Amino acid sequence: MTSRLTFGVLGGDRRQIALAESLVLNGYEVYACGFDRTGFAADVKKGSLDDIVRECGIVILPLPVTDDGVFLKMDFCEDKIALDDSFAEQMRGKRVFGGMMERLYRTSAAWKEIDTADYYTREEFAVRNAVPTAEGAVEIAMREYAGTISGSRSLVAGFGRVGKVLARMLRGIGAEVTVSARKPADLAWIESYGYRPLLTADIGGGEPYDLIFNTIPAKIFNRRVLSDLRGCSLLVDLASAPGGVDFDAAEKIGIKAILAPSLPGRVAPKTAGEIIRDTVCHMMGE
Ligand code: NAP
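Every chain is numbered independently, its residues counted from 1 as its sequence is written. Per-residue local features of the predicted model are confined to residues with pLDDT of at least 70, and side-chain atom pairs are confined, for both listing and counting, to 80 or more; whole-chain, interface and lining totals are unaffected and use all residues. The side-chain values count all of the structure's non-hydrogen atoms but skip hydrogen atoms and water molecules.

### A short note on the overall build of the protein chain
To keep things clear, this is the line we draw: The way it works is that DSSP assigns letters per residue, a run of H or I at least four long becomes a helix, a run of E at least two long becomes a strand, and they are numbered from the N terminus. We call two residues in contact when some of their heavy atoms are within 4.5 Å. Positive residues here are Lys and Arg, negative ones are Asp and Glu, while His and the chain termini are left out of the count. Just so you know, the charge point we use is NZ for Lys, CZ for Arg, CG for Asp and CD for Glu.
What the protein chain contains, in helices and strands, is 11 helices and 12 strands. Along the three orthogonal principal directions, the C-alpha set of the protein chain runs to about 65 × 35 × 35 Å. Taking as baseline every contact in the protein chain between residues at least 6 positions apart, the subset at least 24 positions apart corresponds to 57%. Here the protein chain contributes 35 positively and 39 negatively charged side chains, and the mean placements of these two sets differ by 3 Å.

Quick look at the structure:
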């Protein structure tokens with residue numbers, strides 16, 4: 001019989017494995033579907049979609065719910081679950097959580113009548129997710145840059161959640177940190193934290209950097225700006241698609257540029273899964 005407090009973890013990547021395990025460790029009964037090619041460290045019940053429909057009152061979908069807009073994201077299973085009217089109808093009567101849910105809503109009109117919520121849009125999710133994102137950026141720089149971060153001239157473009165956490169980490173390792181922003185208040189905060197403030201519009205104005213990390217989801221690093229940053233050894237683009245870097249121009253100019261999406265799931269699936277768990281639990285509490 002369906003229990004409101006039995007969780008169904010349906011599809012996803014290593015974050016959802018950690019999510020399912022941590023829910024079990026918190027005392028919940030958890031069914032998981034879409035993980036045929038992997039195991040669980042805790043007592044997660046591997047099941048089918050039918051098992052989840054029958055047993056679970058709460059269903060947690062992955063982040064993103066779908067990559068292609070047609071099938072549920074399932075990295076550990078050959079079978080596919082189509083996102084269509086039939087899938088939506090099976091979720092009727094349940095509380096359904098997921099990440100980037102607008103992609104799911106486009107697959108069936110029935111979602112309008114189903115109790116859904118998007119954990120990806122929550123501020124606490126984005127703030128906590130900034131930590132594994134920043135650690136992933138530092139890991140890329142350590143791997144790809146021939147020098148040390150310590151003593152490097154590092155630029156962080158953007159002073160949002162990721163920019164703030166990353167700037168703090170880089171300085172902790174000993175980098176000379178410049179941070180760009182467009183709002184005077186942010187520039188004042190950047191200065192007060194002891195970083196070098198730079199107006200985003202002035203990036204490429206002659207200052208040399210060894211490492212650049214972009215967090216701005218707009219094409220700031222275009223051909224003109226990149227030509228002015230010719231001496232830069234590595235540019236890591238963290239911003240979501242379409243990103244902030246003209247990669248063709250970077251290659252022609254000779255700047256090694258790396259697009260680095262989905263870092264939390266790649267570098268810290270355990271923490272990323274726990275962040276999803278905590279966010280869903282907050283939303284349920286409300
Ligand atoms: P955020 O808090 O919204 O920060 C974005 C920053 O970019 C802010 O400083 C913002 O300035 C600035 N910005 C936005 N549009 C701009 C424009 N047109 N011109 C100049 N500055 C602009 O976002 P976040 O949470 O730090 O995330 C940053 C990006 O990383 C997003 O695209 C996010 O989706 C992505 N992300 C990637 C990963 C990954 O694994 N790679 C993980 C998490 C997030 P204002 O405050 O003035 O608007």
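### Some words on the site of the ligand
Put simply, the test is: Distances are taken per atom, and a residue is near a molecule or strand as soon as one of its heavy atoms is within 4 Å of it. In the analysis that follows, any N or O atom pair within 3.5 Å is treated as a polar contact, provided that within protein one partner can donate a hydrogen and the other can accept it, and provided that, for residues neighboring in sequence, both atoms belong to side chains. Basically, the charged four are Asp, Glu, Lys and Arg, the nonpolar ten are Ala, Val, Leu, Ile, Met, Phe, Trp, Tyr, Cys and Pro, and anything else, Gly included, counts as polar.
Residues in close proximity to the ligand total 21 residues, the closest being R182, K183, S240, A260 and L263. The contact in question runs from an oxygen atom of the ligand to an N or O atom on the backbone of G160, over 3.4 Å. Measuring from an oxygen atom of the ligand, one finds a backbone N or O atom of V162 at 2.9 Å. Of all elements in the fold, only α6 (161-173) and α10 (263-267) reach the threshold of two or more residues within the shell around the ligand. Of the residues that constitute the shell around the ligand, the class distribution is 12 nonpolar, 6 polar and 3 charged.

### Observations regarding α6
The line we're drawing: Any helix carries an expected span of 1.5 Å times its number of residues minus one. The classification of residues rests on relative accessible area computed with a 1.4 Å probe and restricted to protein chains. Under 20% of the type maximum is buried, over 50% is exposed, and intermediate values are partly exposed.
In a regular helix each residue adds 1.5 Å, so 13 residues correspond to 18 Å; α6 covers 19 Å between its end C-alpha atoms and thus fits that length. Buried residues of α6: G163, V165, L166, A167, M169 and L170, and no others. If you follow the buried residues of α6, they end up packed against α5 (123-144), β7 (153-157), β8 (176-181) and β10 (211-214). Where α6 terminates, the next one or two residues include G174, which has phi positive at roughly 110 degrees.

### What to know about the state of the cysteines
Threshold: Only a pair of cysteine sulfur atoms within 2.5 Å counts as a disulfide in this structure description.
All chains considered together, the criterion is met by 0 disulfides. Of the cysteine sulfurs around C281, a residue in no disulfide, the closest is that of C56, at 15 Å. The class for C281 is partly exposed, based on a relative accessible area of 29%.

### Concerning the domain arrangement of the protein chain
Note the threshold: The split of the chain into domains comes from an automatic or database domain assignment.
By domain assignment, the protein chain separates into domain 1 (3-121) and domain 2 (127-265). Just the C-alpha atoms count here: the centres of domain 1 and domain 2 sit 35 Å apart.

### A word on helix α7 (residues 184-192)
An α-helix turns once every 3.6 residues. As a result, residues three or four positions apart point the same way. Cut-off, in case you're wondering: Directions drawn from the helix axis to the C-beta atoms are what define this arc.
All of the buried residues in α7 are D186, L187 and I190. Take α7 and look down its axis: the buried residues cluster within an arc of 100 degrees, on one side only. Residues of α7 that are exposed and angled more than 90 degrees away from the buried face: P184, E191 and S192. The secondary structure elements touched by the buried residues of α7 are β8 and β9 (196-199). A positive backbone phi angle near 95 degrees is found at G194, which sits one or two residues after α7.

### Some points on the environment of I212
For I212, the position within the fold is in strand β10. Separated by 24 residues in the primary sequence, I212 and V236 have C-alpha atoms spaced 6.2 Å apart. Setting aside residues up to four positions removed in sequence, I212 forms contacts with L155, F221, L229, C232, L234, L235 and V236.

### Remarks on the pattern of salt bridges
Selection rule: Salt bridge, as applied in this entry: a Lys or Arg side-chain nitrogen positioned within 4 Å of an Asp or Glu carboxyl oxygen.
For the coordinates displayed, the defined rule picks out 23 salt bridges. With its nearest N and O atoms 3.5 Å apart, the salt bridge here joins R196 to E207. In this pair, R196 sits in strand β9 while E207 sits in the loop between β9 and β10, placing the two residues 11 residues apart along the sequence. Note on E207: relative accessible area 38%, which makes it partly exposed. Ionic pairing is found between D278 and R277, a salt bridge with its closest N-O pair at 2.9 Å. Taking relative accessible area as the criterion, R277 reaches 14% and is therefore assigned buried. Each member of the salt-bridge network shares a partner with another, and the members are E139, R143, E144 and K256.

### A few points about the sheet that holds β9
Whether parallel or antiparallel, the strands of a sheet pair through hydrogen bonds between backbone atoms. Inclusion rule: Should DSSP find at least two bridges between two strands, the strands are regarded as paired. Helix axes use the C-alpha atoms of the stretch in contact, all axes being lines fitted to C-alpha atoms, and the angles between their N-to-C directions lie in the range 0 to 180 degrees.
Spatial ordering of the open sheet is given by β9-β8-β7-β10-β11-β12, a layout of 6 strands whose pairing is parallel. The open sheet is flanked by β9 and β12 (256-259), the only strands paired with a single partner. The average undirected angle you get between the axes of adjacent strands in this sheet is 20 degrees. As paired elements, strand β11 (residues 234-237) and β12 share 4 bridges and run parallel to each other. Bridge pairing in β12 places V236 opposite I258. Lying on the sheet, α5 is in contact with β10, β11 and β12; it crosses β11 at an angle near 155 degrees. The strands that α6 touches are β7, β8 and β10; relative to β7, the one it contacts most, it runs at about 170 degrees.

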